Amino acid sequence: MKPVRVTTLLWMLLLVLRLGATRKGSPEEASFYYGTFPLGFSWGVGSSAYQTEGAWDQDGKGPSIWDVFTHSGKGKVLGNETADVACDGYYKVQEDIILLRELHVNHYRFSLSWPRLLPTGVRAEQVNKKGIQFYSDLIDALLSSNITPIVTLHHWDLPQLLQVKYGGWQNVSMANYFRDYANLCFEAFGDRVKHWITFSDPRAMAEKGYETGHHAPGLKLRGTGLYKAAHHIIKAHAQAWHSYNTTWRSKQQGLVGISLNCDWGEPVDISNPKDIEAAERYLQFCLGWFANPIYAGDYPQVMKDYIGRKSAEQGLEMSRLPVFSLQEKSYIKGTSDFLGLGHFTTRYIMERKNPSRQGPSHQNDRDLIELVDPNWPDLGSKGLYSVPWGFRRLLNFAQTQYGDPPIYVMENGAPQKFHCTQLCDEWRIQYLKGYINEMLKAIKDGANIKGYTSWSLLDKFEWEKGYSDRYGFYYVEFNDRNKPRYPKASVQYYKKIIIANGFPNPREVESWYLKALETCSINNQRLAAEPLLSHMQMVTEIVVPTVCSLCVLITAVLLMLLLK
């Protein structure tokens with residue numbers, strides 16, 4: 001990577017200082033809106049299979065690309081951590097459902113492990129009955145607790161054998177294998193599951209898996225691999241939707257959608273047309289990349305223009321962005337019963353021309369630069385800042401851009417700050433309060449938002465960051481073999497929002513905050529006592545049986561001596 005010139009750094013510093021001086025907030029933040037959500041609004045939390053289940057090679061599960069990626073031991077994950085055990089969720093279903101009941105959630109979003117159900121990835125080769133039974137039991141347990149399952153078919157853990165044999169999402173045949181896998185899931189669970197998500201954040205899956213190599217399968221196919229992977233993922237999504245629509249919908253009466261993650265992009269200078277265009281371009285490369293084919297039948301025009309021009313300047317005869325045929329455009333358009341949105345933070349955007357001679361890359365194609373305001377609260381994880389007003393803007397953008405679709409917020413949350421007390425997560429409470437309130441304002445604006453999924457139920461394996469970032473409402477002690485869970489202060493606060501279905505009045509909302517912090521202090525005492533309890537447990541499990549055995553042995557020896 002070429003070093004950045006000092007003059008450029010000085011220019012950037014001045015720009016950031018100007019942002020801090022001139023953009024100290026937004027009109028949306030001026031007042032907190034007290035009110036309630038529509039009747040029937042669904043509140044939930046989420047997780048994914050690879051991040052929580054563990055049991056990576058148990059009960060017939062096949063290897064995933066993430067198993068291989070983390071087992072390589074080449075420093076691809078912080079601390080060379082793996083998710084071999086993770087939260088041990090495979091063996092703690094009933095325990096975690098108690099936590100869901102404690103939160104009073106209406107729904108629980110989780111993902112199915114493709115290699116747990118189909119060890120080779122191919123339905124015609126092998127179906128793992130134990131995997132089917134595990135998820136069937138989980139769904140039944142949720143329903144018996146009046147919790148609606150929202151099920152993701154694929155959250156990044158592709159069967160490794162599909163990667164080895166076919167090159168994973170670089171191969172168009174994945175669309176057929178995914179359709180077969182989806183049909184198996186519809187057949188096995190569709191009588192009880194009525195909300196399906198085909199892919200979770202496929203942009204990150206394509207970009208980090210096939211462009212930067214930061215995620216499994218770790219390929220660095222600059223400027224080409226991510227566009228090809230995304231092309232095939234969109235086709236796979238459409239095939240799964242059509243399969244459900246033609247074969248299962250009339251019997252099961254469910255919904256199938258996709259979940260797309262995107263930060264909001266705000267122009268640095270709202271009076272500068274170039275910055276306004278750059279911010280629009282940012283959103284089209286982020287959200288429109290997948291949403292536009294599904295809702296309009298093709299990639300955003302700005303993506304086709306920019307990638308096509310850059311490709312030509314790089315001496316290529318064809319654009320690096322693949323092309324849908326007329327038949328494919330018609331087939332893909334309209335393949336979503338709802339739009340799932342994931343959102344965590346916001347960026348300021350300004351135009352920056354990137355020379356094509358730098359070589360093909362996704363970043364180069366966009367001709368823009370992302371900035372942050374130094375006044376934004378830092379969430380403690382690289383690149384994440386609390387900017388609630390951006391959430392409202394993204395929701396309204398999606399509403400108008402894609403023709404008033406039903407929207408389910410599928411991911412929104414904050415990680416743990418390292419310097420904060422483990423269970424007293426005041427900053428997460430502030431994040432929840434701010435972002436959920438901006439969502440309420442978006443509904444007031446006219447956005448058709450049906451539900452909200454806070455990310456996440458538990459602290460869990462966070463991909464290349466290992467266990468360093470903690471998004472959970474429940475703290476998991478990963479150093480304890482039993483992986484105990486402890487409620488953070490935000491559990492009490494989120495539960496109050498759910499029960500009240502919003503923010504009734506200032507006095508009551510303030511009391512929630514005080515009660516949550518009071519509860520977390522008690523829980524912190526429990527957590528502090530845990531090492532002593534673990535030590536006592538070890539004494540009970542190891543020392544006591546050993547002493548008893550010695551006593552029996554001594555008694556036997558004395559008895560033998562007496563008999564002689």
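Residues numbered from 1 in each chain as written. Predicted model: local features only at pLDDT ≥ 70, side-chain atom pairs only at ≥ 80, totals over all residues. Heavy atoms only, no water.

J.: Tell me about the overall build of the chain, and please be specific about residues and values.
T.: Scanning the chain from N- to C-terminus turns up 18 helices and 15 strands. Counting over 564 residues, the chain shows a buried share of 59%. Contacts spanning at least 24 positions in sequence make up 76% of the contacts within the chain whose residues lie at least 6 apart. Accessible surface computed for the chain: about 23800 Å², of which carbon and sulfur atoms make up 57%. (Helix = DSSP H or I, 4+ residues; strand = E, 2+ residues; numbered from the N terminus. Buried < 20%, exposed > 50% of the residue type's maximum accessible area, 1.4 Å probe, protein only. Contact = heavy atoms within 4.5 Å. Areas by Shrake-Rupley, 256 points an atom, 1.4 Å probe, with all protein chains shown as cover.)

J.: A description of the nonpolar core should follow, citing residues and the corresponding values.
T.: Core analysis: the biggest nonpolar cluster contains 156 residues, and Leu112, Trp169, Trp196 and Met439 have the highest contact counts within it. Once residues within four sequence positions are removed from consideration, methionine 439 is found in contact with Phe37, Phe41, Trp43, Phe391, Leu395, Val409, Ile449 and Tyr452. Judged by nonpolar contacts, the second largest core, of five residues, contains Ile197, Phe338, Tyr408 and Met410. (Core = buried A, V, L, I, M, F, W, Y, C linked by side-chain atoms within 4.5 Å.)

J.: Help me get a handle on the state of the cysteines, residues and values and all.
T.: Applying the stated rule across the entire model yields one disulfide. The side chain of cysteine 262 participates in a disulfide bridge whose partner is cysteine 286; the two sulfur atoms lie 2.2 Å from each other. Here cysteine 262 is found in the loop between β6 (255-261) and β7 (264-267), whereas its partner cysteine 286 is found in helix α11 (residues 273-296), with 24 residues between them in sequence. Overall, cysteine 262 belongs to the buried group, its relative accessible area being 2%. Owing to a relative accessible area of 7%, cysteine 286 belongs among the buried residues under this scheme. (Disulfide = S-S within 2.5 Å.)

J.: So what's going on with the sheet that holds strand β3 (residues 107-111)? Residues and values would help.
T.: Overall, parallel pairing links the eight strands, which are arranged β2-β3-β4-β5-β6-β8-β11-β12 in a closed barrel. Taken pair by pair, the neighbouring strands of this sheet meet at an average axis angle of 25°, ignoring direction. In this structure, strand β2 (residues 42-46) lies alongside strand β12 (residues 449-454), joined through four bridges in parallel fashion. Within β12, the residue paired with tryptophan 43 across the bridge is tyrosine 452. Along the sheet, helix α15 (residues 388-401) makes contact with β8 (339-342), β11 (407-411) and β12, crossing β11 at roughly 135°. (Pairing = 2+ DSSP bridges. Axes fitted to C-alpha atoms, helices over the stretch in contact; angles between N-to-C directions.)

J.: Which residues make up the packing of aromatic side chains, and what are the values?
T.: Tallying each qualifying case throughout the model produces 45 aromatic pairs. An angle of 20° between the planes, with centres 5.9 Å apart, marks the rings of tyrosine 50 and tryptophan 463 as stacked. With tyrosine 50 in helix α2 (residues 49-52) and tryptophan 463 in the loop between β12 and β13 (474-476), this pair connects stretches of sequence that are 413 residues apart. Owing to a relative accessible area of 7%, tyrosine 50 belongs among the buried residues under this scheme. Given a relative accessible area of 6%, tryptophan 463 falls into the buried group. A centroid spacing of 5.5 Å and a plane angle of 35° characterise the contact between tyrosine 295 and tyrosine 402, whose relative ring orientation is tilted. (Phe/Tyr/Trp six-rings, centres within 6.5 Å; stacked < 30°, edge-to-face > 60°.)

In short, shape yes, function no, at least from these values alone.
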